[in-house]
Amino acid sequence: MKKQQTLKRFTALLLVFSMLLALAACGSSQTTEEDASAEASSAAESSEDAVTVAEDMTAQGGDESTEAEDEVEPEVDPAGSYSLVQNVYNWGSSYSKAILLVETEESDEPDAAQYTVSVWRYDVDGALLDHGDRTVTAAYRSDAEGNEDAEGAYVTLEMEVASTLSIAAPYYTNTSSFVGQLKDWATCSYTITDTSSGEVWNQLDTVYHPDEEAFQTGTFTDTGADYEYSYAYYEPEEDGDTHPLVIWLHGAGSGGTDIGFVTGGMLVTNFVSEETQEIFGGAHILLPQCPTVWMDDGTDEFAELYNSEEGYSTNGVDIYTESLMALIEDYVATHDDVDTSRIYLAGCSNGGYMTIQLAMAYPDTFAAIAPVCAAYESEWISDEQIETLASIPTWFVHCSTDPVVDPTTTTDAIYARMVESGAENIHYTTYDEIVDPDDGTAYIGHFAWVYALKNLCSTDLDGSPVTIDGQEVTIFEWLAAQSK
């Protein structure tokens, strides 16, 4: 087991190292060649850090720190203020727009070519992460929030975004951060210049989050265990009917107390899209945030967790199962329109672990589960627990080339045992590679959640389409059809 874990970590290191080199080669991070080399060397310092980064990062949000001490941001006198718009994409979040209060006449039509946008990003300690120029793709008159308005007093600049464009990212992966929270907000210093008038904007005013506005937020404290959770949630429109509840559990990198790392860290915003809500007939969405990691067994000091193989559960025992269930029960109790026969549970990686854990502990609660690249070793599950799982409709998702969670000892093995135990409503979508469905970026094999959250999973282990009453369905459509 020890050798297997070491091999997985070494494999992950090589893949992350290769990915960083590829990003540096394409030049999209806007760093110098020396900076890119420093990035790769930093990522290669320890295999533990490589695994941690891969656990819940996005291509644009990886370990981007540089050692460019001789590079200093040019000094610019304080000038006009600007606001930013943060949107959520397949890979996570990027700043997509800059909004400028302008002094030019309304009749002056802005031209994208007349603006330059320079960005310098710093970590929480003030060290330079990277810098470069953003590409402006469009410019138009707008209101203060960036909505197009021909008579508006503002100009909005739309900027290029991509999964590999690190300078557009609002956060970065901080492997030295406290346990569970790998993401940290970068300090992004923008200098925007109108080359035709000489006007400059370099003082940040507001950041708008239009994709995340549908979510409300709250906190929950389990009085028995004294764990406090942050969580986000979405309530469908009241129509006098009951509605299902979909619970999504994040991976290891989005823990902590800043719920923005959950709502903006992955494409969970797709749960509140018109298309997805229509599939479920209007659904409650609950996004709990773990204070550390779901697999925390409570045996290590937080600062030591990512520096050893201890700390993560190695036997399927953790400190959060009961209190997380208490949070779910509290949400149901305070929302009378939740259909308790249609509560669905899904999660990725560390969250996939907790998906399986909760299902085994509370099988009568969930109508169906969807563990994605679940970090749960089959050897931790007893035959009796397998029989319990086999009674719950389940759809697994994993990638055969996952360097972080070995599918052969986790999903493959658990699926086979469930089938042998008589599971009748069970499906398994597997991939050989993970490629961004929109821009073609190749991710490491651990990123199977991209396909799950995009609702692209539709095939079974043998490659045949999953069907209900002869009708082909996607993973969301299948979940919505399950009822206790």
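A. Quick look at the overall build of the protein chain. A count of helical and extended segments in the protein chain gives 11 helices and 22 strands. Within the protein chain, the proportion of its 484 residues that are buried is 59%. Taking the contacts inside the protein chain whose residues are at least 6 apart along the sequence as the reference set, 73% of them involve residues at least 24 apart.

B. Spatial organisation of helix α8 (residues 383-390). Taken residue by residue, α8 has I386, L389 and A390 as its buried positions. Taken end-on, α8 shows its buried residues confined to a sector of 100°, consistent with a single buried face. Among the exposed residues of α8, those oriented more than 90 degrees off its buried face are E384 and E387. Those residues of α8 hidden inside the fold are in contact with α7 (350-361), β16 (368-372), β17 (394-399) and α9 (411-420).

C. Region of the structure containing the pairing of β16. Of all 5 residues in β16, 5 are buried, a share of seventy percent or more. Here β16 shows a buried face lined by A368, A370 and V372 and a second buried face lined by I369 and P371. Bridge count for strand β15 (residues 338-348) against β16 is 5 bridges, and the pairing is parallel. When the bridges of β16 are listed, G347 appears paired with P371. Bridge analysis of β16 against β17 gives 2 bridges, and the strand direction is parallel. Its bridge partner lying in β17, I369 is registered against T394. Handedness of the β-α-β unit built from β16, α8 and β17 comes out right-handed.

D. A look at the pattern of salt bridges. As enumerated under the stated definition, the model contains 3 salt bridges in all. Between D130 and R121 there is a salt bridge, with its nearest N and O atoms 2.9 Å apart. On the basis of relative accessible area, D130 is assigned to the buried category, the value being 1%. Residue K454 is joined to D438 by a salt bridge in which the shortest nitrogen-to-oxygen separation is 3.5 Å. Of this pair, K454 sits in the loop between α10 (449-453) and β21 (467-468) while D438 sits in the loop between β19 (434-435) and β20 (442-443); the two residues are 16 residues apart in sequence, bridging distant segments of the chain. Take K454: its relative accessible area is 25%, and that puts it in the partly exposed class.

E. Fine view of the side chain of S93. Its place among the elements puts S93 in strand β2 (residues 92-101). Residue classification places S93 among the buried residues on the basis of a relative accessible area of 0%. A distance of 3.1 Å separates the side chain of S93 from the side chain of Q86, its partner in a polar contact. Only 2.7 Å separates the side chain of S93 from the backbone oxygen of G264, close enough to count as a polar contact.

F. Layout of the sheet that holds strand β14 (residues 284-289). Read from one edge of the open sheet, 8 strands run β11-β12-β14-β13-β15-β16-β17-β18, paired in mixed fashion. This sheet does not close on itself; its edge strands, each paired only once, are β11 (216-222) and β18 (426-431). Ignoring which end each strand starts from, the neighbouring axes of this sheet average 20° apart. Taken together, the 3 bridges between strand β13 (residues 243-249) and β14 define a ladder with parallel strand orientation. Note that in β14 the partner of V246 across the bridge is I285. Contacts between α7 and the sheet are confined to β13, β15, β16 and β17, with β15 contributing the most and set at about 140° to the helix.

G. Representation of unusual backbone geometry. Positive phi outside glycine occurs at S349, with the angle close to 55°. Locating S349 in the fold gives a position in the loop between β15 and α7. Look at N455: it is not a glycine, yet its phi comes out positive at around 60°. When you line up the elements, N455 lands in the loop between α10 and β21.

So, how was this worked out
- The residue numbering used here restarts from 1 in each chain and proceeds along that chain's sequence as written.
- For a predicted model such as this one, the threshold for reporting local features is a pLDDT of at least 70, and the threshold for listing and counting side-chain atom pairs is 80 or more; totals across whole chains, interfaces and linings nevertheless cover every residue.
- To obtain the side-chain values, all non-hydrogen atoms of the structure were used and water was disregarded.
- Put simply, DSSP H or I for four residues or longer makes a helix, DSSP E for two residues or longer makes a strand, and each gets a number counted from the N terminus.
- In this scheme, a residue with accessible area under 20% of its type's maximum is buried, one over 50% is exposed, and one in between is partly exposed, where area comes from a 1.4 Å probe on protein chains only.
- Contacts were defined at the residue level, with two residues in contact if any of their heavy atoms lie within 4.5 Å.
- Note that the arc is defined by the directions from the helix axis to the C-beta atoms.
- Only when DSSP finds a minimum of two bridges between them are two strands counted as paired.
- Note on handedness: a clockwise path from strand one over the helix to strand two, with the strands aimed away from the viewer, defines a right-handed crossover.
- Between Lys or Arg on one side and Asp or Glu on the other, a salt bridge is scored when a side-chain nitrogen of the former is within 4 Å of a carboxyl oxygen of the latter.
- Any pair of N or O atoms that falls within 3.5 Å is considered a polar contact. Within protein, one atom must be able to donate a hydrogen and the other to accept it, and sequence-neighbouring residues count only if both atoms are side-chain atoms.
- Working convention: axes come from line fits to C-alpha atoms, limited for helices to the stretch in contact. Angles between N-to-C directions cover 0 to 180 degrees.

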